[in-house]
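Inside the fold
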Amino acid sequence: MALPDLELVDRARGGDPEAFRELVVRHQRRVYAVALGIVKDRDLAWDVSQDAFVRVHQHLSEFRDEASFATWIHRITARIAIDVLRKERPSRRSDVADVPEPVLQEAAPGVLATALGTNPQETVLRRELAGRLSEALGQLPDVHRTVLVLREMDGLSYEELAERLGIPRGTVMSRLFHARKKMQALLAGYAGIDAPGAGDRS
Amino acid sequence: VRCAGATPLLGSRPGELDPTEEAALSAHLSTCESCRARQADLAALSQVVEDGLLVEASRRDFSGFADGVMARIPTSAWHGDAAPGPLGRLRDFVRRHRILATASALAPALAALALYLYIGRTTGTGPSGFGVEVTSEDLAAVVLETSDGPVILVGEASDGT
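A brief structural summary. In every chain, residue numbers begin from 1 and rise along the written sequence. Here the convention is simple: chains get letters from A, ligands get numbers from 1, in the order in which they are written. Restriction of local features to residues with pLDDT of at least 70 applies here, the model being predicted, together with a cutoff of 80 or more for giving and counting side-chain atom pairs; totals for whole chains, interfaces and linings are based on all residues. Side-chain metrics rest on all non-hydrogen atoms present in the structure, leaving aside hydrogens and water.

A few words on the overall build of chain B. Counting from the N terminus, the helices are the DSSP runs of H or I reaching at least four residues and the strands are the DSSP runs of E reaching at least two. The number of helices and strands found in chain B is 6 helices and 3 strands. Helices (α) and strands (β) of chain B occur, in sequence order from the N terminus, as α-α-α-α-α-α-β-β-β. Within chain B, the proportion of its 161 residues that are buried is 34%. Pairs at least 24 apart in sequence give 30% of the contacts found in chain B among residues at least 6 apart. Put simply, chain B shows about 9,600 Å² of open surface, and 58% of that area lies on carbon and sulfur atoms. Summary of the burial criterion: residues with accessible area below 20% of their type's maximum are buried, those above 50% are exposed, and those between are partly exposed, where the area comes from a 1.4 Å probe applied to protein chains only. Only heavy atoms enter the contact rule, under which two residues are in contact if any of them lie within 4.5 Å. Note on areas: Shrake-Rupley, 1.4 Å probe, and residue coverage restricted to the protein chains presented here.

What follows is the structure in structure tokens.
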């Protein structure tokens, strides 16, 4: 029977490398997914993910046992990914202040939910859209993509997002709104459902 | 509140909105079918974002990932340098203070031995197998070789000895 994360963390803190390796193997895919969602580039996401685990190891003593290891590693991953994004793409920092009005026409309300059905695990369309998610995310400005990924993958609250990104709560809500609106339009366009103008840029 | 004011509030979680926003959104949703549909869209989108990124991650071969991480952690980090948890900290404390613990356990016997040696030295009849050094009329330093290394005992002589 697999040991719980906290037990592995405790063993790793005691100097057990195999326990830490097990933690890495257990969380690597999701950590990579978080990194990929933010930095977009696969190789960069790979490096960010490895950095995150190395940093986690360095700071194991700061891990509070009442917290979730998954939440902790995801937040460290996101922090590194955001830093990388800022360093890698300084010329795109203007994105931070530039939150344009939606560049796509809004999909009709409810169309995405209806198309994807009530059983999220079973629909073919859901799998198809999941397969094109990276493509859609890649069309968002960095600031919109980051806030959306942190919200959906990391589960950060408005307050946590504001603190993490160093922006007011209202800006968090605004960025989320625009990110979601554009994603809905893009995904509806991929699905061939009511999304006039999807892919058009204003 | 109208749709334009309500839509940015959609997708919030319980407790995230202030009471005014919460009340406004709730009132709006009770009468606006479109915004209820938008809310359903957000839930669907949320799931697709998560699924999509995990699908993308699953396309990657992770066979060398853990090895890469482990290779970047210095070997020394696995020899007591890694920061311990509660149990680990207790183990580390005992490990770090083994000498102190041993000395504490042996303190009464060692004190008696030191006194015995000191008395023996001052009377000229004590054993000579231990390194005993009288540093002053009142102090005697006894160096004992133990399994934890040398232990120095400093005993203060009582008057009249």
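A separate point is the packing of aromatic side chains. The rule is short: rings of Phe, Tyr and Trp, with Trp giving its six-membered ring, pair when the centres are within 6.5 Å, and they are stacked under 30 degrees, edge-to-face over 60, tilted in between. One pass over the structure, following the stated rule, counts 9 aromatic pairs over all chains. Ring plane angle 90 degrees and centroid distance 5.0 Å describe the contact between A:Trp46 and B:Phe65, whose orientation is recorded as edge-to-face. Remark: B:Phe65 occurs in helix H4 (residues 65–71) and A:Trp46 occurs in helix H3 (residues 42–58); the pair is interchain, linking two chains. An identical accessibility class is assigned to A:Trp46 and B:Phe65; each is buried.

Just to be clear on terms, a salt bridge is a Lys or Arg side-chain nitrogen sitting within 4 Å of an Asp or Glu carboxyl oxygen. Applying the stated criterion across every chain yields a total of 18 salt bridges over all chains. Between A:Glu135 and A:Arg132 there is a salt bridge whose closest N-O contact spans 3.2 Å. For A:Arg132, a relative accessible area of 30% gives the class partly exposed. The closest approach of N and O atoms between A:Arg169 and B:Glu21, which form a salt bridge, is 2.8 Å. Here A:Arg169 is found in helix H11 (residues 169–191), whereas its partner B:Glu21 is found in helix H2 (residues 19–31) on a different chain. One connected set of salt bridges, linked through shared partners, spans A:Asp5, A:Glu22 and A:Arg26.

Membership of the largest hydrophobic core comes to 85 residues, with the highest contact counts inside it found for A:Phe20, A:Ile38, A:Met183 and A:Leu187. A total of 12 residues in this core trace back to one element, the largest contributor, which is helix H2 (residues 17–39) of chain A. Once residues lying within four places of it in the same chain are set aside, the contact partners of A:Phe20 are A:Ala12, A:Phe53, A:Val56, A:His57, A:Leu60, B:Val69, B:Met70, B:Ile73 and B:Trp78. For the purposes of this section, nonpolar cores are sets of buried Ala, Val, Leu, Ile, Met, Phe, Trp, Tyr and Cys residues that join through side-chain atoms within 4.5 Å.

Bringing the interface of chain B and chain A into the picture now. Each partner contributes residues to the interface: chain B has 55 residues there, and chain A has 63 residues. Here chain B and chain A share an interface that buries about 5,200 Å² over both sides, 60% of which is from carbon and sulfur atoms. Summed over both partners, buried area is the accessible surface (1.4 Å probe) that two parts give up on being assembled. When residues of chain B are sorted by the area they lose upon contact with chain A, B:Leu53, B:Arg60 and B:Phe65 head the list and together hold 13% of the total. Across the contact surface, chain B and chain A share 7 salt bridges. Note that B:Glu56 is salt-bridged to A:Arg42, the shortest N-O span being 2.5 Å. Polar contact is the term for a pair of N or O atoms within 3.5 Å; when the atoms are in protein, one must be able to donate a hydrogen and the other to accept it, and sequence-neighboring residues count only if both atoms are side-chain atoms. Taken together, the links from chain B to chain A amount to 21 residue pairs in polar contact (both at pLDDT 80 or more). Contributions of two or more residues to the side of chain B that touches chain A are made by helix H3 (33–58), H4 and helix H5 (86–96) of chain B. Ranked by the residues each element gives to the side of chain B that touches chain A, the list is headed by H3(B), at 21 residues. Gly is placed with the polar residues, together with every amino acid not listed as nonpolar (Ala, Val, Leu, Ile, Met, Phe, Trp, Tyr, Cys and Pro) or charged (Asp, Glu, Lys and Arg). Across the side of chain B that touches chain A, the residue classes break down as 28 nonpolar, 12 polar and 15 charged.

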